[in-house]
Amino acid sequence: MSKIQRAGASRRDSRDVDDTVTIGRRNNSEDRSWQGQKYEKHVLKEKLPSNDLEADYLDNGWGDPESGEDYRDIKDGYDPVVVIDNGLEQVGVHRRYCRMTENTILDNSGDTLINNNNNELKVMRKSTEQPVPRLPMTPKRAKGGAASSKKPMPTVHRVLLYSTQSPRLGRKQQFSTQRLSAKQQSAKALGAGDEGQTVILLEPEHKQEDHRSAIDFDRNDDFDEDDDLDNLSNFDESDTASVLSDTEDGYRAHAYKLTHSVDRFLSPQSTPSFLSSQSSEDDLKNPDSLLVPSLFPYVPPYLSFSSNTKRGPRVPPDLHRVLKWRITNIMPKVVRLILANSGMRMLKKTNDWMGVWGKHLKSPCFKAIRSYQKINHLPGSFRIGRKDSCWKNLQRQMGKHSNKEFGFMPRTYIIPNDLGALRRHWPKYAQRNTKWIIKPPASARGAGIRVINRWGQIPKRRPLIVQKYIERPLLINGSKFDLRLYVLVTSVNPLRVFMYHNGLARFASVKYSAKADTLNDRCMHLTNYSINKFSSNYSKNEDVNACHGHKWTIKSLWTYLANRGVRTDCLWEALRSLVLRTILAGENGINSMIRANVESKYSCFELFGFDVILDSDLVPWLLEVNISPSLHSELPLDAHVKAPLVQGVLNTALYNVPPKLSLDKQKELAAEFSFPPGTQMCYDKRLYINYLSREEKIKHNTFTRKSMEDRNEYVNAILNNLTPDDVRCLIIAEDELARCAPLERIFPTDQTHKYLKYNDTPRYYNRLLDAWESRYANNRTEGIALLRDYCQNKYHLQVPTPPAKKYIEGDHTAYSLHLCPEQDFLSTSGLLHQVYEMDFKVTVAAIVLLVVIIVIISAITLVLITHVYI
């Protein structure tokens, strides 16, 4: 025997009473599908002479897949195969060898029956006259290089009976009382020498194939066995105070009050069903015209998008020529259908596009977007779109405010950064049998997600998050489910948030069970459609209004809950609050990235997918936020939900005609679409500038000073003298609100001023819109009339002199000017830069100097060649 590997030696020295070392290779099953079966004592052909265990005793703890133990197969040096008849089929097993202890019991037949602290039943027989030969031992070298000689170990074979209890949990009751005596017995056994060789036969387990992700149990150094964290024998129950007051407990009580009013359950006839006024048939209406006028004069019209099932109104050829959309590989089919029916040109290779629906860009890439181009992402949205970043921002807000307001995400640890904190608290959680769900920080569609309950199942050196598992979810028909909510953010400063009135309820395809032996069933504990659609139990829902199958609309779910007395209006309010607090947690970082990388306020928006689960008390919990929620429509139910969503998102985003039409063409279009004379039909850059005049800067500083903490100090005064920049901000907000159906604007409203305290610094535009909604939310006609008066005088088009922006490109410094809309589209490069005449002269001088140098080098080379030949 050349090597003896003792994986986890420190663990066995301190815990295993019999100090048994096993040599060989064990095949282990990850999912342990055999746990539901009972293995009787006829594992071997020979009958055990005596057994003090109960008839239904099982032991499955042997061969933990995460134990990290490695065993050497010695079939080449010993009798390799022994045929065992278990009554079903003949199984060939390899003999394995281990060292025996004195913790044995002799029966009448002379065989030895032991039951160590691992709950392993061993039958040992004294060797006969023909001793079992041993393999030659190779001395194991110490770190210093010297060989250390050890006694050869007796050869032993094991008989293993399965159990539903893990060995590490099975020995917790005996560990504290027997460790010292076990060491003494082990010392006596080693000193007594080899009185005789004993044999224990071990039946190997059959390894079953399972589907593992990249981070799951691949037998590497990421998994270790620290049994001290799973052992609770020395744990003081008084230490659970910090666990019982975990981050989410304050939120749970707060959300319970929010979702349950005094009349918690009303009769089904008197329960108001939220969204009942929303009509599904009206979600997909085609517009009467491609261009829809603004609510205000001298503001360009907006494109109105058609449905995915019917072609929209006719598009003039000159207009169709400039409506270019760039196709990407990830553009969903429903988006393509809506764009095609709306008269857009779909191009694969073009830099002169007006819109794109693609993957997220790195933040510096947003600098290359021209001012009239619009992309469906915000720079820095990963602040809430990544699971680890989202938790960090929520944790920061919990530190500044309270757990009651931001504790709606289950307790999360980020590995490897929080590994030490998780290790310290693990025994406290283990005493409460807490389950955890591990996820990669930036994955989607259920990739790499699994539920665990033991420390050894956690990879220690890979980036992932370990999140507390919601063990008491709300069940419908015995299955757990989660909600997919769609949230649109059209601007961060000012913050404008819209929430889709519909969504999806996604059910697990296997009925829920909280038993520990079901944790490997992904179709029970995960609700992702990409996982459950492969289950044989999955049932498709063909009726969009029905409450059956494993995918419902949120409207159907709300109807189902309302008929059972649930206040769905209170529940929807709790979901709105959760969404807004999540966005506000990452708002500061997103705003900083936008200011650094985006030129125009027109260029960006973001559609988020919030995954929320309801527990048995109807308390909503945030699971994660998706930056690019799936819009693929494999089923009619998906198309019914997502097609109106996409149409509403595109209409709310306020797309303008690109500034590629001459003034004459614009006049012809204005006459064709019956717009007032003088209406500018193309994108007007002046409405989306991000620089201020001197007076506007003074007003911003006045109403954002830290001393102004009382809302009453600004709610009326800020509207007294509106600046052109104020009017432009209010125009966009009112136009979005008028076109947002079927979305609902949840920020700003006349009730959302309570959320402004969560901003890291006061935002002028947020306070402006707060004051506007406070005054005109219930009298919007008056507010629109006021803005129309400003626009009639072109007050909103008064812009200050644009500052020169400086771009550093290598060793060259370029200066760009803010040009009028007619000149903005002249550049065909990815980045719009107009260089001063001074820079042009420098460039010409550099080219002349380069030519002179080349001529000089050529002359010198010619002289050298001539000299060589002469």
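Computed from a predicted model, the values in this text were never measured in an experiment. (Residues numbered from 1 in each chain as written. Predicted model: local features only at pLDDT ≥ 70, side-chain atom pairs only at ≥ 80, totals over all residues. Heavy atoms only, no water.)

**Digging into the confidence of the model for the protein**
For the protein, mean pLDDT is 74; residues scoring 70 or higher make up 64% of the total. Of all secondary-structure elements in the protein, the lowest mean pLDDT belongs to strand S10 (residues 198–199), at 34, while helix H19 (residues 724–738) reaches the highest, 97. Counting interchain partners and residues more than four positions distant, the pLDDT-below-50 stretch residues 185–223 has 116 contacts. Within the model, the stretch residues 262–274 combines pLDDT values under 50 with 28 contacts to residues more than four positions away or in other chains. (pLDDT = per-residue confidence, 0-100. Helix = DSSP H or I, 4+ residues; strand = E, 2+ residues; numbered from the N terminus. Contact = heavy atoms within 4.5 Å.)

**Comments concerning helix H16 (residues 636–652)**
In this model H16 runs 24 Å from its N-terminal to its C-terminal C-alpha over 17 residues, within 8% of the 24 Å that 1.5 Å per residue would give. The buried fraction of H16 amounts to 14 of the 17 residues, a majority that puts the element mostly inside the structure. Positive phi shows up at Leu654, right after H16, with a value of about 60°. (Expected span 1.5 Å × (residues − 1). Buried < 20%, exposed > 50% of the residue type's maximum accessible area, 1.4 Å probe, protein only.)

**Notes on the environment of Arg326**
Relative to the assigned elements, Arg326 resides in strand S13 (residues 324–326). Taking C-alpha positions, Arg326 is 8.6 Å from Asp352, a pair spaced 26 residues apart along the chain. The residues contacting Arg326, other than those within four sequence positions of it, are Met331, Leu347, Lys348, Thr350, Asn351, Trp353, Gly355 and Val356.

**Section: the side chain of Thr434**
Position of Thr434 relative to the elements: it lies in the loop between helix H11 (419–431) and strand S18 (436–439). Within the local environment of Thr434, its side chain forms a polar contact with the backbone oxygen of Tyr429, the two atoms lying 3.1 Å apart. Those residues in contact with Thr434, other than ones at most four positions away along the chain, are Tyr429, Asn453, Lys468 and Glu471. (Polar contact = N/O pair within 3.5 Å; in protein donor to acceptor, adjacent residues only side chain to side chain.)

**Description of the side chain of Glu405**
Checked against the element boundaries, Glu405 lands in helix H10 (residues 403–406). Owing to a relative accessible area of 13%, Glu405 belongs among the buried residues under this scheme. Within the local environment of Glu405, its side chain forms a polar contact with the side chain of Ser402, the two groups lying 2.9 Å apart. Not counting residues up to four positions away in its chain, the partners in contact with Glu405 are Arg581, Lys757 and Tyr758.

**Notes on the packing of helix H20 (residues 764–776) against helix H21 (residues 780–792)**
Contact pair H20 / H21: the axes reach a minimum separation of 8 Å and the direction vectors enclose 125°. With respect to each other, H20 and H21 are oriented oblique. The segment H20 lies against H21, with Trp772, Glu773 and Tyr776 engaging Arg780, Glu782, Gly783, Leu786 and Leu787. Among the residues making up the contact of H20 with H21, the classes are represented as four nonpolar, one polar and three charged. (Axes fitted to C-alpha atoms, helices over the stretch in contact; angles between N-to-C directions. Parallel < 35°, antiparallel > 145°, perpendicular 65-115°, else oblique. Nonpolar A, V, L, I, M, F, W, Y, C, P; charged D, E, K, R; others polar.)

**As for the nonpolar core**
Nonpolar side chains in soluble globular proteins tend to be buried together. Core analysis: the largest hydrophobic core is formed by 146 residues, its most contacted members being Leu303, Leu319, Leu485, Phe610 and Tyr655. The element that contributes the greatest number of residues to this core is helix H15 (residues 568–597), accounting for 11 residues. Setting aside chain neighbours within four positions, we find Leu319 in contact with Leu290, Leu291, Val657, Leu661, Leu669 and Phe673. Formed by 15 residues, the second largest nonpolar core is a distinct cluster that contains Trp426, Tyr429, Ala430 and Trp455. (Core = buried A, V, L, I, M, F, W, Y, C linked by side-chain atoms within 4.5 Å.)

**A closer look at the pattern of salt bridges**
In a structure, side chains of opposite charge can pair up when their charged atoms sit close to one another. Across all of its chains, the model carries 29 salt bridges by this definition. One salt bridge in this structure joins Arg728 and Asp725, with 3.8 Å as the shortest N-O distance. Of the two residues, Arg728 and Asp725 are both situated in helix H19; the distance of three residues between them amounts to about one turn of the helix. Considered together, Arg728 and Asp725 belong to a single accessibility category, that of buried residues. Through salt bridges with shared partners, a single network forms among Lys324, Asp352, Arg370 and Lys660. (Salt bridge = Lys/Arg side-chain N within 4 Å of Asp/Glu carboxyl O.)

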